[in-house]
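Summary of the model geometry
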Amino acid sequence: GESVGLHLPTLSVQEGDNSIINCAYSNSASDYFIWYKQESGKGPQFIIDIRSNMDKRQGQRVTVLLNKTVKHLSLQIAATQPGDSAVYFCAEIEGYSTLTFGKGTMLLVSP
Amino acid sequence: GAVVSQHPSRVICKSGTSVKIECRSLDFQATTMFWYRQFPKKSLMLMATSNEGSKATYEQGVEKDKFLINHASLTLSTLTVTSAHPEDSSFYICSARRTSGAQETQYFGPGTRLLVL
C-alpha cells in the first residue's frame, strides 16, 4: 500500500534557471531510455529519448545525458519556465520488453 | 507526436459494479498496448500488456479476472474493472507502442480517474 506522508523528490528552481533532473537506472542491459513529463491529473507526455549507443541527445530546450558506466541518466532543461512544472519520470527498456519507470521527480518553477 | 485517447476521463461508480475504460491510438496502429495504474505521488505500475488478437499478459499480483483486457483491433484496447471496490479507486493510464522502422516508442493516454464509492 501507499506510505502516508511519502513525497516525491522535489527540485525547486527560479524561472529562467537551468534545471537538471537525475535518474539512476537499474538494468545494465537496458538499451533505450525515455524521459516523460506528467502534469497533475494527466498522462505522461514523451519528452526525449536516447539509445544506449549515444551519450547525449538534444531537443528543443532539453538535453538528455546517459552515463552507462554508472547507470545514470539526466535531463537538462534550459531556461526553465513555469509551464515546465510537473513530475518527470525516466524510463528504461531492454530490447522488446516493457518499460520500467523510475520513481519520478517533481519540478517546481517559481516566477 | 502520436495521439492516444482514453475514455472516460473520470468515472464514479458504486461498489460492486463494473467499469470499462477504452484506450485508442488515434493516428497509428498499435499491436501492443499497456495498462498502468498510478497512486498519488507514485510512479506508474504496469498492470498488463495487451496484445491485439491474443490474450493479455498480466504482471505478477494483478488479477486477470478482476481486470479484464480486450484488444479487439489495432487501435482499441479496453480495460474492464469487474465488481469494483473502493480499493480499486486509482488513476488508470494506457499507452500504445508505435513502431517506426527500428524505432519503438510508447505514447500515453491522458488517464482515467476511477472513484469507487
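1. Topic: the confidence of the model for chain A
Confidence in the prediction for chain A averages 90 pLDDT; 94% of positions are at 70 or higher. Scored below 50 in pLDDT, residues 1–6 of chain A shows four contacts in the model against residues more than four places distant or in partner chains.

2. Some remarks on the state of the cysteines
Residues and elements named next belong to chain B. Enumeration over the complete set of coordinates arrives at two disulfides over all chains. One disulfide bridge connects C23 with C94, the sulfur atoms lying 2.0 Å from each other. Classification of the bridge connecting C23 and C94 rests on its S-S torsion, roughly 80°, and on that basis the disulfide is right-handed. Placement of the pair is C23 in strand β3 (residues 19–25) and C94 in strand β9 (residues 90–100), with a sequence separation of 71 residues. Assessed through its relative accessible area of 0%, C23 is described here as buried. Looking at C13, it has no disulfide partner, and the nearest cysteine sulfur is the one in C94, 18 Å off. Take C13: its relative accessible area is 8%, and that puts it in the buried class.

3. A closer look at the side chain of B:R37
Residue and element names in this part refer to chain B. Its location among the elements puts R37 in strand β4 (residues 32–38). Among buried Asp, Glu, Lys and Arg side chains, R37 stands out as unpaired, with D88 the closest opposite charge at 4.5 Å. A polar side-chain atom of R37 sits 3.3 Å from a polar atom in the side chain of S90. Apart from residues lying up to four places away in sequence, R37 is in contact with S43, L44, M45, M47, F67, E87, D88, S89, S90, F91 and Y92.

4. Overview of the nonpolar core
Note on soluble globular proteins: their nonpolar side chains tend to be buried together. Residue and element names in this part refer to chain B. By size, the foremost hydrophobic cluster in this structure holds 26 residues, and its most contacted members are V4, F28, W35, F67, L79, Y92 and L114. For this core, the elements supplying multiple residues, two or more each, are β2 (10–13), β3, β4, β5 (44–51), β7 (67–73), β8 (76–81), β9 and β11 (112–116). Setting aside residues up to four positions removed in sequence, L114 forms contacts with V11, C13, V19, V81, D88, S89, S90 and Y92.

5. Observations regarding the pairing of strand β10 (residues 105–110) of chain A
Note on strand geometry: in a regular strand, side chains alternate between the two faces of the sheet. All names here are of chain A. Residue alternation in β10 divides its side chains into a buried set, T105, L107 and V109, and an unburied set, M106, L108 and S110. Pairing of strand β1 (residues 10–14) with β10, which is carried by five bridges, proceeds in the parallel orientation. Following the sheet pairing, V13 is matched in β10 by V109. In this structure, strand β8 (residues 86–93) lies alongside β10, joined through three bridges in antiparallel fashion. Bridge assignment links V87 to a residue of β10, and that residue is M106.

6. With respect to the layout of surface pockets
Approximately 370 Å³ is the volume attributed to the largest pocket. Forming the boundary of the largest pocket are 17 residues, of which A:S40, A:G41, B:Q38, B:P40 and B:K41 lie nearest the centre. Elements with a minimum of two residues in the lining of the largest pocket: β8 of chain A together with β9 and β11 of chain B. For the lining of the largest pocket, the class distribution of residues is eight nonpolar, five polar and four charged.

7. Considerations on the packing of aromatic side chains
Under the criterion given, the structure shown has eleven aromatic pairs over all chains. Taking the centre distance of 5.7 Å and the plane angle of 40° together, the rings of A:Y36 and A:F101 count as tilted. Here A:Y36 is found in strand β3 (residues 32–38), whereas its partner A:F101 is found in strand β9 (residues 100–101), with 65 residues between them in sequence. Ring geometry for A:F101 and B:Y36: centres 5.6 Å apart, planes at 90°, overall edge-to-face. Within this pair, whereas A:F101 is found in strand β9, its partner B:Y36 is found in strand β4, the two belonging to separate chains. Neither residue differs from the other here; A:F101 and B:Y36 are each classed as buried. Taken together, A:Y36, A:F46, A:F89, A:F101, B:F28, B:Y36, B:Y107 and B:F108 form an aromatic cluster joined through their ring pairs.

Procedures and definitions
- Residues numbered from 1 in each chain as written.
- Chains lettered and ligands numbered in written order.
- Predicted model: local features only at pLDDT ≥ 70, side-chain atom pairs only at ≥ 80, totals over all residues.
- Heavy atoms only, no water.
- pLDDT = per-residue confidence, 0-100.
- Contact = heavy atoms within 4.5 Å.
- Disulfide = S-S within 2.5 Å.
- Helix = DSSP H or I, 4+ residues; strand = E, 2+ residues; numbered from the N terminus.
- Buried < 20%, exposed > 50% of the residue type's maximum accessible area, 1.4 Å probe, protein only.
- Lys, Arg positive; Asp, Glu negative; His and termini not counted.
- Salt bridge = Lys/Arg side-chain N within 4 Å of Asp/Glu carboxyl O.
- Polar contact = N/O pair within 3.5 Å; in protein donor to acceptor, adjacent residues only side chain to side chain.
- Core = buried A, V, L, I, M, F, W, Y, C linked by side-chain atoms within 4.5 Å.
- Pairing = 2+ DSSP bridges.
- 1 Å grid on protein atoms, 1.4 Å probe; cavity = no way out; pocket = protein on both sides within 12 Å on 5 of 7 lines; lining within 4 Å.
- Points joined across faces, edges and corners; volume = space filled by probe spheres on them.
- Nonpolar A, V, L, I, M, F, W, Y, C, P; charged D, E, K, R; others polar.
- Phe/Tyr/Trp six-rings, centres within 6.5 Å; stacked < 30°, edge-to-face > 60°.

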